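Per-entry structural report
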Amino acid sequence: MVIIYEDESHIRDYQTLRATWSVKGRQKQIPAYGHHATVRLLGGVTIETGEFHCMETNPCNAQAFLQFLQYTLGQLSGQTCRDGLG
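Scope of this entry: the structure provided in the associated data block. Everything numeric here is computed off the predicted structure, so don't read it as measured data. (Residues numbered from 1 in each chain as written. Predicted model: local features only at pLDDT ≥ 70, side-chain atom pairs only at ≥ 80, totals over all residues. Heavy atoms only, no water.)

Here H53 is to be found in strand β3 (residues 52–57). When its relative accessible area of 2% is taken as the criterion, H53 is described as buried. Within the local environment of H53, its side chain forms a polar contact with the side chain of T46, the two groups lying 3.2 Å apart. Apart from residues no more than four positions distant in its own chain, H53 is found in contact with L42, G43, G44, T46, F68, Y71, T72, Q75 and L76. (Helix = DSSP H or I, 4+ residues; strand = E, 2+ residues; numbered from the N terminus. Buried < 20%, exposed > 50% of the residue type's maximum accessible area, 1.4 Å probe, protein only. Polar contact = N/O pair within 3.5 Å; in protein donor to acceptor, adjacent residues only side chain to side chain. Contact = heavy atoms within 4.5 Å.)

Shown next as structure tokens:
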């Protein structure tokens, strides 16, 4: 039996301003470029071996998760999996 911890992450290329300062009477100017890149990742770690599996996806939905599971099972070829997935 193989146990894998899985998680998803959304990484954005911009920071949220929480606090800042400026000279009295001059408002802080923040450039806005109209586009913010985002990367969506699905990843998992095999408990027994520590092997890491990662896949970039867009969008991050149930179909993408099933593709990630198929990718992970392909990486674990030769090992058995419960529930008839492998």
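This is not the end of the story, as more comes after the structure.
Pairing within the open sheet is antiparallel, and its three strands lie in the order β1-β2-β3. The open sheet has two edge strands with one neighbour each: β1 (4–12) and β3. Here the average twist between neighbouring strands, direction ignored, is 20°. Note that strand β2 (residues 38–46) and β3 share six bridges and pair antiparallel. Note on β3: the bridge partner recorded for G44 is H53. Along the sheet, helix α1 (residues 62–75) contacts β1, β2 and β3; its crossing angle with β3, the most-contacted strand, is approximately 145°. (Pairing = 2+ DSSP bridges. Axes fitted to C-alpha atoms, helices over the stretch in contact; angles between N-to-C directions.)

So, about the pairing of β3. Burial of β3 is one-sided: the residues H53, M55 and T57 facing one way are buried, the residues F52, C54 and E56 facing the other way are not. If you look at the hairpin formed by β2 and β3, you'll find five residues sitting between the two strands, and G50 has a positive phi there, around 80°.

What follows is about the pairing of β2. Bridge analysis of β1 against β2 gives nine bridges, and the strand direction is antiparallel. Along β2, the bridge assignment pairs E6 with G44.

What follows deals with the environment of G44. Turning to its location among the elements, G44 is positioned in strand β2. For G44 and L69, which are 25 residues apart along the polypeptide, the C-alpha to C-alpha distance reads 9.5 Å. In this structure G44 touches I4, Y5, E6, E51, F52, H53 and F68, once residues within four positions along its chain are discounted.

Here the focus is unusual backbone geometry. Keep in mind that most residues, glycine aside, have a negative phi and that most peptide bonds are trans. In this structure, the amide linkage connecting N58 to the following residue, P59, adopts the cis form with an omega of 0°. For P59, the position within the fold is in the loop between β3 and α1.

Another aspect to go through is α1. With 14 residues, α1 should cover 20 Å at 1.5 Å per step; its first-to-last C-alpha distance of 20 Å lies within 8% of that length. The set of residues buried in α1 consists of A64, F68 and T72. Buried residues of α1 fall within an arc of 80° about the axis and therefore sit on the same side. In α1, the exposed positions angled more than 90 degrees off the buried face are occupied by A62, Q63, L66 and Q70. In this fold, the buried residues of α1 make contact with β1, β2 and β3. Among the residues of α1, the N-terminal cap falls to N61, whose side-chain oxygen and the backbone nitrogen of Q63 are separated by 3.3 Å. (Expected span 1.5 Å × (residues − 1). Arc of directions from axis to C-beta.)

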